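Next come the chains, spelled out residue by residue.
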Amino acid sequence: MNKSLCNSESKLKSYLAIEYIGISDNLLEILKNSCDSYSSSVKKFIELLKYIQNNHIHMTSFKELVALHELVAPHDSAVVSMMSIHFNLAIGTIANLGAQTPYVEDLYQKLCSGRAIGVYLATELAHGNDLIAIETQANYLPEKGVFILNSPGPNAYKFMPNTTPCELPKVAIVLAQLNVSGKKYGIFPFIFPLSVNGKLTPGVKITPLSDKPGLYLDNAITSFDNVEIPFEGLLAGNMITLTKEGKISLHIKELKERFSLITNKIHSGKLCMAVSSVAAAKSALHITSTYGNKRKTFGYSGAMPIINYSHFKEGIAWDTLSTIIHALYLKELTRKVSVILSESVKNFKFKDELLIEIISAKSLCTWRTQEILINCRERCGAQGLFTLNKISPYLISNFGAITSEGDNLVLSLKAGGMIISNNMKEIDETYFQYNLFSILNNYMDFLYKKLNRLIVNNNKKINLDILNKYSGDFLELSQTYAVLSVVTTTIDTYHNNDDEFDMIIEGYLLDWIHRTMSNLLRSEVINLQESQKINDRRIEYIHKHADRINDYISSFGVDKAGIETPISSHDYISWYADNHHQLNNN
């Protein structure tokens, strides 16, 4: 390999490691503690909050927050969930929409200093993705200067925030319908202490939910019966002005616009979930690759490691290729979002173009990680089933990432519609130097024209009949847009006219075209002869580059992040044997 190629490979590898924000032996000890109940997960999270405070790690930076997600995710998905809710949803919503009153500032500082845990109560038993229709009511009483929070019935019970009382106070951000003088003003967030010293605020009722296997989070059903929230507890940003006498002025009149501002932090949370998911993929590939190189089998050439089988080696290579590209892409998307958020501290909402990219990126990355985790679990055989070897817990946590901050299917359908309504189909021709790129671009163009024609004929509206009949096309449009975004962003950010990067981009495009082949043929973007040539090229590619691609797994830095499992240890047979003897001696 020539010197310039070595340098480009080294530079590319340097972008792939799991972030080590403020890492130390003390932090790794906290993260490596295993949890077998929601109470132990909460204790672990409290220890993490103390560490963050004692080491002056600034979680107000979105980039730092995402880096912490990436570090914690391979260790404990429940702690990642609590962390995302606490920092992104609770603290983030207050920072964006809260007035600097003594009441709000006191609760905010308790959350920021780790003296309280933030929880976010949005979804209800009858309302998940349709948050705009939630039924929890906040009625303002001018004579008392308070809001009265009520759950009018079971439909409005908050489901399933982590609200169970613990040793730290819990501070709630609750989404509710604001009513003033008999008039409804739509959803707004309200802040108040949910529990202090393990005791619930009067009128709050909490019922713990059953366990989710492998994901020890204190989920619960929460309801309200005439709970009093002080006047300062309304987080309205610049949307409205409410006087203590009950007079209200609307500064943002459109309900949809206000809803976008209110739910803004849910969208940045989507990016946190995507990064956490890809971090789990990195860890699973490290564990599986190590196992494959050490696990011996008796093959056609005698005793050999199972990674010598091409179906094992090349399968890992395809999964590693996706993980490399998604990691690079999310790093740049995080940087872009972090810059935008740092420039707009108050009353921020995402523009449609960026929102589409975040939505489609979350779906693309978490769905692909799910495939990778299933593949890794199977490649590790029975060993992959054990919790100690982490892959099966990663699967459970990734189910959570697919659902959290909006279900992937629902989000992808929404993104498909937004791409049409925002006329987002033009791509700079400079990317067409990658000859495979044009195939996917032509497919997106085909989908766009097909769906746009339907909507134009329906007066620019996407109705239920169109969505139901063409849901597959809307999903394909969203995913193809996401793949093209991944490729164009990584080219713009990391390409430096080097063969190593070109090899990775070529493989990613080959893999994605292979996945989309039947739709490409059906839409006549390519013909049978072209599809056969691409398939032959794909086989030749992976035969040639599998070892080179798998070499990147060491660049993920999983071992440095403290991930230890029996099958990724120096000698997993000795690990089990030593553990067996130790337990018997005890």
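Residues numbered from 1 in each chain as written. Predicted model: local features only at pLDDT ≥ 70, side-chain atom pairs only at ≥ 80, totals over all residues. Heavy atoms only, no water.

The protein goes by Acyl-coenzyme A oxidase in an unreviewed UniProt entry, where it is assigned to Photorhabdus luminescens.

This part is about the environment of Ala67. Relative to the elements of secondary structure, Ala67 occurs in helix H4 (residues 62–72). You can call Ala67 buried: its relative accessible area is 11%. Between the alpha carbons of Ala67 and Leu333 there is a distance of 13 Å; along the sequence they are 266 residues apart. (Helix = DSSP H or I, 4+ residues; strand = E, 2+ residues; numbered from the N terminus. Buried < 20%, exposed > 50% of the residue type's maximum accessible area, 1.4 Å probe, protein only.)

The terminal C-alpha atoms of helix H16 (residues 499–515), which comprises 17 residues, lie 24 Å apart, in line with the 24 Å expected from a rise of 1.5 Å per residue. When you tally the buried positions in H16, you get 12 out of 17 residues, the bulk of the element. Every buried residue of H16 is listed here: Glu500, Phe501, Met503, Ile504, Ile505, Gly507, Tyr508, Leu509, Leu510, Asp511, Trp512 and Ile513. (Expected span 1.5 Å × (residues − 1).)

Let us now look at the state of the cysteines. Disulfide: a covalent bond formed between the sulfur atoms of two cysteine residues. Applying the stated criterion across every chain, the model contains zero disulfides. Cysteine Cys376 is unpaired, with the sulfur of Cys380 as its nearest cysteine sulfur at 6.5 Å. Here Cys376 falls in the buried class, since its relative accessible area comes to 0%. (Disulfide = S-S within 2.5 Å.)

Counting buried positions along H4 gives nine out of 11 residues, so the element sits mostly inside the fold. Listed in full, the buried residues belonging to H4 are Phe62, Leu65, Val66, Ala67, Leu68, His69, Glu70, Leu71 and Val72. Buried-residue contacts for H4 involve helix H2 (25–32), helix H3 (38–54), helix H5 (77–97), helix H8 (264–294) and helix H9 (310–343). (Contact = heavy atoms within 4.5 Å.)

Before going further, it helps to spend a moment on the domain arrangement of the protein. A common way to express how large an interface is: the accessible area buried when the components associate. Per the domain assignment, the segments making up the protein are domain 1 (23–97), domain 2 (118–253) and domain 3 (260–556). Here the C-alpha centroids of domain 1 and domain 2 sit 24 Å apart. Contact residues are listed per partner, giving 20 residues for domain 1 and 20 residues for domain 2. Contributions of two or more residues to the side of domain 1 that touches domain 2 are made by H3 and H5. The biggest single contributor to the side of domain 1 that touches domain 2 is H5, with 11 residues. Partitioning the side of domain 1 that touches domain 2 into residue classes produces 12 nonpolar, six polar and two charged. (Domains from an automatic or database assignment. Nonpolar A, V, L, I, M, F, W, Y, C, P; charged D, E, K, R; others polar.)

Orientation of H16 relative to helix H18 (residues 528–550), taken along the N-to-C sense of each, is 135 degrees, at an axis distance of 10 Å. Here H16 lies oblique to H18, going by the angle between them. H18 is crossed by H16, and the crossing has left-handed handedness. Contacts between H16 and H18 involve Glu500, Met503, Ile504, Glu506, Gly507, Leu510, Asp511, Ile513 and His514 from the first element and Ile534, Asn535, Arg537, Arg538, Tyr541, His545, Arg548 and Ile549 from the second. In the contact of H16 with H18, the residues fall into seven nonpolar, four polar and six charged. (Axes fitted to C-alpha atoms, helices over the stretch in contact; angles between N-to-C directions. Parallel < 35°, antiparallel > 145°, perpendicular 65-115°, else oblique. Left-handed = near helix turned anticlockwise from the far one by under 90°.)

Turning our attention to the packing of H5 against H8. Where H5 meets H8, the axes come as close as 9 Å, and the angle between the chain directions of the two elements is 155 degrees. Comparing their axes, H8 and H5 come out roughly antiparallel. Note on packing geometry: the crossing formed by H5 with H8 is right-handed. Contact with H5, carried on its side by Val80, Ser84, Asn88, Leu89, Gly92, Thr93 and Asn96, involves Asn264, Lys265, Ile266, Ser268, Gly269, Cys272, Met273 and Ser276 of H8 and no other residues of that element. A per-class count over the contact of H5 with H8 returns five nonpolar, nine polar and one charged.

Soluble globular proteins tend to bury their nonpolar side chains together. Grouped together as the largest cluster of nonpolar side chains are 188 residues, with contacts concentrated most on Leu149, Phe188, Phe190, Ile191, Phe192, Phe224 and Val337. Apart from the residues lying within four places of it in its own chain, the contact partners of Phe188 are Val174, Leu175, Ala176, Leu178, Leu234, Leu235, Ala236, Met239, Ile240, Arg258 and Ile262. (Core = buried A, V, L, I, M, F, W, Y, C linked by side-chain atoms within 4.5 Å.)

A few words on the packing of aromatic side chains. Per the stated rule, a full pass over the model turns up seven aromatic pairs. Taken together, a centroid distance of 5.0 Å and an interplanar angle of 50 degrees make the contact between Tyr140 and Phe147 tilted. Taking the centre distance of 5.8 Å and the plane angle of 25 degrees together, the rings of Trp318 and Tyr541 count as stacked. Here Tyr541 lies in helix H18 and Trp318 lies in helix H9, a separation of 223 residues in the sequence. As far as the burial class goes, Trp318 and Tyr541 line up, both buried. These aromatic residues form a ring-pair network of at least three members: Tyr140, Phe147, Phe190 and Phe231. Directly above the aromatic system of Tyr552 lies the positively charged group of Lys13, at a separation of 5.2 Å from the ring centroid. Positioned above the aromatic ring of Trp318, the side-chain terminus of Arg538 is 4.3 Å from the ring centre. (Phe/Tyr/Trp six-rings, centres within 6.5 Å; stacked < 30°, edge-to-face > 60°. Lys NZ or Arg CZ within 6 Å of the ring centre and 35° of its normal.)

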